[in-house]
Structures are given as C-alpha cells and as structure tokens.
Amino acid sequence: EPQNPVLSAGGSLFVNCSTDCPSSEKIALETSLSKELVASGMGWAAFNLSNVTGNSRILCSVYCNGSQITGSSNITVYRLPERVELAPLPPWQPVGQNFTLRCQVEDGSPRTSLTVVLLRWEEELSRQPAVEEPAEVTATVLASRDDHGAPFSCRTELDMQPQGLGLFVNTSAPRQLRTFVLPVTPPRLVAPRFLEVETSWPVDCTLDGLFPASEAQVYLALGDQMLNATVMNHGDTLTATATATARADQEGAREIVCNVTLGGERREARENLTVFSFLGPIVNLSEPTAHEGSTVTVSCMAGARVQVTLDGVPA
C-alpha cells in the first residue's frame, strides 16, 4: 500500500508492506529508489521513499512457509514543465498576412496528460498535445487590425484530474503584436515650385489608408534642411504641415521631400523647387552733380540671371 500512487517529482512516499501469512519472515521492499525502514511488526513493515523523481515499480516480498510471495505497485510521477516560452513575434506584422506562433515546452510529465494551448487574450487559437522533448507547438494566424496591441501567450495544462489531483496550469509571459497597413501609393505632397530667399511658404504632405496612423513617422525636408512638421491624424489619414523658409545658400534647384514610415516600411514623395534671390536694382551715377551739357554715366545693377533695363535713355 498504496496501490499505484501518483506524486509530484521529488516528493516522498510512505509504503507499507504487509501479509496475512501467520508465519511470515523477511519482509522486504525491493526498489531502486532511496528507502528507509521506519517501522515494522508482526506481518508488516513500513518504509519511506524519498526524492522520487521518476516513474518506478516497487516490489514487496516476504517468505511464507519457506516460499517467497510478492506484491507490486507502480509509482507515477508528475512534473510541471520547467519552461513554457512563446517565441518572439515580428516587430510589425502587415494586416492580411499570416504569421506563426511558436511555443516551446521543456520537461513536464506524464506527456500523455500534457496539452499546449496557444492564446490571443483568453481566446484559444490552438490546442495540441505535447510530444518530443522539448515539445514545440505552432499555429498560423492571419493578422488583422484587431490584433494590434493584442497579447499572445502559451499555456500548458497537465491534467491529473483522473488521478484525483486536479488540473495544473503554467502560462508563458505574454508577447504583444503590432499590426499595420501602409498603402502602396505615395503621399500627396503640396509645395511651391518657386521660393524666394528669406521668404516662407506652407508645405503639406498627406497619406490616406494608413493604420495605425498615430504611430507613423513623418520626415519633411527642403534639400538637406529638415522642416519642423505638425502632424495630425484623422481616422486612417495622416497630414503633416510645415513652413519652408529658403536660405541664401540654398539658391538654385532643390527638392521638397516627404517620407512616411510605418512598420519598417516607407513611402516617399518628392517635388522640385527652385530657390531664387531677386534683389531690387541699384542705380549709380558717375557724377551726382553735373554741369549742363556734361556727360553722366548711369549704371543699373541687380543679381545674377536678372534682366535689367534703364528707363529714359537708350542703354
């Protein structure tokens, strides 16, 4: 006694060997486990088995009238898994594409009673038996918008209820998924074609069909000058607005660039821009005061690529 006990790994078990033989002798317990005789009497002996780590068969034997008789019992050891871990999820997962949940389970017995469950929140996505060592369980999931920010986890269930011990549950640390939608079309960029030095003009960049629009990153620049953009989200639409101010060293052909980045992917729009400088003309007279009939040279100057004319006398 007891017959076919079930105990947790590393536990101890009190075993009693007894017989109704009136002339019994040499009651013994045969086992490979660590044992200690704790008490004995006429027709019985009690032993303590310690540090029981695996399934085992024990045998009680006694000599009755010169013949050996035996009785046996099977010890079943149950052990919770040492590790239940869900593999890392993609940093970003495109909506409408499949991704794989993968859970690894180390140790845990008896395996015939061990089940692995993959979860989204508390919703069961897959329930499979644990096989091999370590056990690896996978499930394919189609990413949706509702999965953005959802926790996924892996749970093991060691069902010892048939043995009257209950259901033992162990759950991995959750991992959060981020899903996104980024349209294939580039942003709409509204910018001036010409911009005079030291003047300012608004620049707008808009992209529709973005999810989650609040987590997108926007880069607006005039040439190598990053613009300070104000970003607003309305539903799945993102709009970035900035003011472009041209510097004198930017004179010439330039580009306005708008980059929208989400989920490690980028959409870009570019527009050509000419930065120009148009300074007012400067008039010089060779003689500010002149006698009647004398010659005075009049010159009119302006910036490069500017057409200059004089009024009142042929130039």
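Before reading further, recall that the structure is shown in the block above.
The structure presented is a predicted model; accordingly, all values stated were derived computationally and were not measured.

A.B. asks: Help me get a handle on the overall build of the chain, residues and values and all.
C.D. replies: Within the chain, the secondary structure is distributed over zero helices and 28 strands. Rg of the C-alpha trace for the chain: 43 Å, well past the compact-globule value of 20 Å for 315 residues, more than 25% over. Structurally, the chain occupies a C-alpha span of about 160 × 35 × 25 Å along its principal axes. Residues counted as buried form 35% of the 315 residues belonging to the chain. Long-range pairs, those at least 24 residues apart, make up 61% of the contacts in the chain between residues at least 6 apart in sequence. Side-chain charges of the chain comprise 21 positive and 35 negative groups, with the mean position of each set lying 5 Å from the other.

A.B. asks: Mind laying out the packing of aromatic side chains, listing which residues take part and the relevant values?
C.D. replies: Taken as a whole and judged by the stated rule, the model has three aromatic pairs. Taking 5.1 Å as the distance between ring centres and 20° as the angle between the ring planes, the aromatic pair formed by Y78 and F168 counts as stacked. With Y78 in strand β7 (residues 67–78) and F168 in strand β15 (residues 167–171), the pair connects residues that are 90 residues apart, well separated along the chain. Centroid distance F99 to F152: 5.7 Å. Interplanar angle 90°. Geometry classified as edge-to-face. A residue pair is termed long-range when its members are at least 10 positions apart, and F99 in strand β10 (residues 98–106) and F152 in strand β14 (residues 151–159) qualify at 53 residues. Under the relative-accessibility criterion, F99 is labelled buried at 4%. Positioned above the aromatic ring of Y63 is the side chain of K26, whose terminal nitrogen or guanidinium carbon lies 5.9 Å from the ring centre.

A.B. asks: Pulling in residues and values, what's your account of the nonpolar core?
C.D. replies: The biggest cluster of nonpolar side chains holds 28 residues, and the ones touching the most others in it are L189, L210, L220, L222, C258, V260 and L262. Those elements giving two or more residues to this core turn out to be β20 (200–207), β21 (217–222), β24 (237–245), β25 (252–262) and β26 (265–276). With sequence-adjacent residues up to four places away left out, L210 is seen in contact with V181, L182, P183, A216, D236, L238, V260 and L262. Membership of the second largest hydrophobic core comes to 23 residues, among which are L101, C103, V105 and V141.

A.B. asks: Please provide a residue-by-residue account of the sheet that holds strand β8 (residues 83–86), values included.
C.D. replies: Across a sheet, strands are paired by hydrogen bonds formed along the backbone, either parallel or antiparallel in direction. In space, the three strands of this open sheet follow the order β8-β10-β13, with antiparallel pairing throughout. Two strands lie at the open edges of the sheet, namely β8 and β13 (135–142), each paired on one side alone. Across this sheet, the average inter-strand angle for adjacent strands is 15°, counted without regard to direction. Relative to β13, β10 runs antiparallel, the two being bridged by eight bridges.

A.B. asks: Would you mind going over a nonpolar patch on the surface in detail, with residue names and values included?
C.D. replies: A contiguous nonpolar patch, built from V283, L285, V296 and V298 and spanning about 310 Å² of accessible area, is present on the exposed surface. Structurally, V298 can be placed in strand β28 (residues 298–301).

A.B. asks: Summarise the sheet that holds β20; cite the residues concerned and give the values.
C.D. replies: If you trace the four strands from one edge of the open sheet to the other, you get β18-β20-β24-β23, paired in antiparallel fashion. Two strands bound the open sheet, and with one partner strand each, they are β18 (188–190) and β23 (230–234). Within this sheet the neighbouring strands show an average axis-to-axis angle of 15°, counted without direction. In this structure, β20 lies alongside β24, joined through eight bridges in antiparallel fashion. Considered in β24, the bridge of S200 is made with T245.

A.B. asks: Can you tell me about the pairing of β26, naming the residues and giving the values?
C.D. replies: Pairing of strand β19 (residues 194–196) with β26, which is carried by three bridges, proceeds in the parallel orientation. Residue pairing in the sheet places L195 in a bridge with V275 of β26. Bridge analysis of β25 against β26 gives 11 bridges, and the strand direction is antiparallel. Counterpart to V257 in the pairing with β26 is R270. The hairpin formed by β25 and β26 contains two residues between the paired strands, and G263 there has a positive phi angle of roughly 65°.

A.B. asks: Tell me about the side chain of Q93, and please be specific about residues and values.
C.D. replies: When you line up the elements, Q93 lands in strand β9 (residues 93–94). For Q93, the side chain forms a polar contact with the main-chain oxygen of Q97, separated by 3.2 Å. If we ignore the near neighbours within four places in the chain, the residues touching Q93 are N98, F99, A143, L177, R178, T179 and F180.

A.B. asks: Quick rundown of the state of the cysteines? Include the residues and the values.
C.D. replies: The tally for this structure, following the rule as stated, stands at four disulfides. Covalently, C17 is tied to C60 through a disulfide, its sulfur atoms 1.8 Å apart. Here C17 and C60 share a disulfide; its torsion about the S-S bond, -60°, makes the bridge left-handed. Placement of the pair is C17 in strand β2 (residues 11–18) and C60 in strand β6 (residues 56–64), with a sequence separation of 43 residues. Owing to a relative accessible area of 2%, C17 belongs among the buried residues under this scheme.

A.B. asks: Tell me about the environment of G164, and please be specific about residues and values.
C.D. replies: Inspection of the secondary structure assignment puts G164 in the loop between β14 and β15. For the pair G164 and V6, spaced 158 residues apart in sequence, the C-alpha separation works out to 9.3 Å.

Definitions and cut-offs
Residues numbered from 1 in each chain as written. Predicted model: local features only at pLDDT ≥ 70, side-chain atom pairs only at ≥ 80, totals over all residues. Heavy atoms only, no water. Helix = DSSP H or I, 4+ residues; strand = E, 2+ residues; numbered from the N terminus. Rg over C-alpha atoms; globule rule 2.2 N^0.38 Å. Buried < 20%, exposed > 50% of the residue type's maximum accessible area, 1.4 Å probe, protein only. Contact = heavy atoms within 4.5 Å. Lys, Arg positive; Asp, Glu negative; His and termini not counted. Charge placed at Lys NZ, Arg CZ, Asp CG, Glu CD. Phe/Tyr/Trp six-rings, centres within 6.5 Å; stacked < 30°, edge-to-face > 60°. Lys NZ or Arg CZ within 6 Å of the ring centre and 35° of its normal. Core = buried A, V, L, I, M, F, W, Y, C linked by side-chain atoms within 4.5 Å. Pairing = 2+ DSSP bridges. Axes fitted to C-alpha atoms, helices over the stretch in contact; angles between N-to-C directions. Patch = residues over 30% accessible without salt bridge, like charges linked within 9 Å, V, L, I, M, F, W, Y side chains within 5 Å. Areas by Shrake-Rupley, 256 points an atom, 1.4 Å probe, with all protein chains shown as cover. Salt bridge = Lys/Arg side-chain N within 4 Å of Asp/Glu carboxyl O. Polar contact = N/O pair within 3.5 Å; in protein donor to acceptor, adjacent residues only side chain to side chain. Disulfide = S-S within 2.5 Å.

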